[in-house]
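Breakdown of the fold
Here are the chains, one letter per residue:
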Amino acid sequence: MSAQERPPTLTHLIRGARVSADSETRASEKRQWFEAEPLWFKRAVLYEVYIRAFFDANGDGSGDFRGLTEKLDYLQWLGIDCIWLLPFYASPFRDAGFDISDFTSVHPDYGTVGDVGELIDAAHARRLRVIADVVMNHTSIDHPWFQESRSSPDSPKRDWYVWSANDERYAEARVLFTDTESSNWTWDSVAGAYYWHRFYSHEPDLNYDNPEVQEAMLGVLRFWLELGLDGFRLEGVPYLFEREGTNCEDLPETRTFISNLAEAVKAEYADRVLLLDAQLWTPDATDYGSPAKNVLLRHVSFPAGLFSTLITEERATLFELVRRPLSENSAPLALFLRDHGELRLDAVVDAVRARARTGFGMDPFFRLRSGTRRRLASIMDTDRSALELAFTLLMTLPGSPIIYYGDEIGMGENHYLEGCAGLRTPMQWTGDRNGGFSRADWGRLYERPLVDPVYGFEALNVEQQLRTAGSFLRLLHRLIAFRQTLPALAYGNFLPLYPPNASIVAFVRGADDEVEPVLVLANLSQTPQVADLDLSPWELRIPVELFGRRAFPPIGGRLYRLTLTGRGSLLLGLSKPVSPGATEPSDIIGDQPGR
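Residues numbered from 1 in each chain as written. Predicted model: local features only at pLDDT ≥ 70, side-chain atom pairs only at ≥ 80, totals over all residues. Heavy atoms only, no water.

Another aspect to go through is the overall build of the protein. Tallying secondary structure elements over the protein gives 18 helices and 23 strands in all. The buried share of the protein, reckoned over its 595 residues, is 61%. Relative to all contacts within the protein whose residues are 6 or more apart in sequence, the contacts with residues 24 or more apart total 69%. For the protein, the accessible area works out to roughly 23,000 Å², and carbon and sulfur atoms hold 49% of it. (Helix = DSSP H or I, 4+ residues; strand = E, 2+ residues; numbered from the N terminus. Buried < 20%, exposed > 50% of the residue type's maximum accessible area, 1.4 Å probe, protein only. Contact = heavy atoms within 4.5 Å. Areas by Shrake-Rupley, 256 points an atom, 1.4 Å probe, with all protein chains shown as cover.)

Right, here's the structure in full:
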């Protein structure tokens, strides 16, 4: 193997190059190549990062912005388009940073606002975009807004939160965190009143019926957009408004507010995106589509639905997931397999919830509220074929894929930690001290890296998988590359096929477009299965397997038969029709690399 062909090492891929821009030039450079593709998020691959867990650059035991900046070369190599940052703002950290005490400052463990600017500039220099979580629904009780609100009934900010003389209002709203909260109301002795909270009692809800609150939160978005952020994931959106006689979720007032907010952002920042969670597969499904066309909906029903499909080994649930009718104004979807919280089963219909609870990490020990607190690899019991199948579908179904940090190497969780903390352990970079995450002493780390014979950092890390040609990391790198280089997978329409065998998932991307179509096949069964396909619309075309660039026999007038291994998949480019003078597949596809 030549030096050029040798798999790159961790040193080659993660050089730690940080690109800093002078503050005087940042304003003119930050837009650079962006305006050429205002709908970039429709084809983007996103990567969700918990900054505290990613890489510690200053050796204090906690990940930080400079550490993330040093790892941008790795993310660029992986092939992602956009980094999604979990909350990094000033916070007492009672809820992993989702309890924000100042929206326009950075938690000191992570760095400074200047460090955020340097990260954004360095990412943009690599053609990577950056979005961040903003918790819209609530603040910390330590936030100056709440402190002023509670101080007096006559406070100018009294009406910035939802207060009541009793705890009987909005009785039909469910309690979300039943493991810690018994009510959505908490008595505040300073204010002499109850305050409303849909999450934890230390996270009082903002009052969005107050126009001042709406303008203040738009001001928060403007602050970070001016620094160069490419958008936000808006957290807690379904719970922004309260109305008697309702469950206070996904109300019409919420959809109106989000639409107006999207319009306001687009008017000032044409190339930015708002990512929202949406339950798209329940009887009361909500579509936050906006005329502004800058909203991306995170399909929170998708993970549980996909796992249910793998349990039943039948495709019907999967197709229903991605084809559920939405309004004409529907926003594009973002799909994911796991994220920073529990795997939610309240976002799917009852039948799917019941099936999902029969397997895939649903042991009572791992249950948290309605779902499970396990990572993707451990949910699937480290079944490599199931992981490959899940990521193949994620990268080929319509929707922008989101990868949670560490899932690209099959990281596990520390299930002995409380709540979701076990999902946020240090990234495992190497088999060396602290998994290559930090130079700090073991006792100073914000959390210990996994020490486990299967999922521990000595057995499972980025460096090891970069050096292994057949590793899961390198497979995912290739899947992302296919999505990035094949327009059909990024933008093409979705045409499902229905072979008689219900265990076979078959669909064509780009069937009616001016791009070369891609046929995707997946076997949900754990045993080999036969797929008989009606491919008559593509008669005479040559299916070419994308990984090995091997040509299959031309498509004829009969059913096209293929056999797939258990949990196997095939990606087939449907090459142009056979020309009259071509008699061999090689005449169609030409000489390919590795042939």
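Having seen the structure, we can now continue with the description.
What follows deals with the packing of aromatic side chains. Per the stated rule, a full pass over the model turns up 35 aromatic pairs. Judged by centre distance (6.0 Å) and plane angle (75°), the ring pair of Trp163 and Tyr195 falls under edge-to-face. One end of the pair, Trp163, is in strand β6 (residues 163-164); the other, Tyr195, is in strand β8 (residues 193-196), with 32 residues separating them in the sequence. Residue class for Trp163 comes out buried when judged on its relative accessible area of 13%. Here Tyr195 falls in the buried class, since its relative accessible area comes to 6%. Pairwise contacts between aromatic rings join Phe65, Phe88, Tyr89, Phe103, Trp145, Trp160, Phe223 and Trp224 into one cluster. Over the ring of Trp160 we find Lys157; its NZ or CZ atom is 4.6 Å from the centre of that ring. In this structure, Arg298 packs its charged tip against the face of Phe336, placed 4.3 Å from the ring centre. (Phe/Tyr/Trp six-rings, centres within 6.5 Å; stacked < 30°, edge-to-face > 60°. Lys NZ or Arg CZ within 6 Å of the ring centre and 35° of its normal.)

Let's shift gears to the sheet that holds β6. Read from one edge to the other, the open sheet built from three strands follows the order β6-β8-β7, with strand pairing classed as antiparallel. Whereas interior strands pair on both sides, the edge strands pair on one side only; in this sheet they are β6 and β7 (185-188). As paired strands, β6 and β8 are joined by two bridges and run antiparallel to one another. Its bridge partner lying in β8, Trp163 is registered against Tyr195. (Pairing = 2+ DSSP bridges.)

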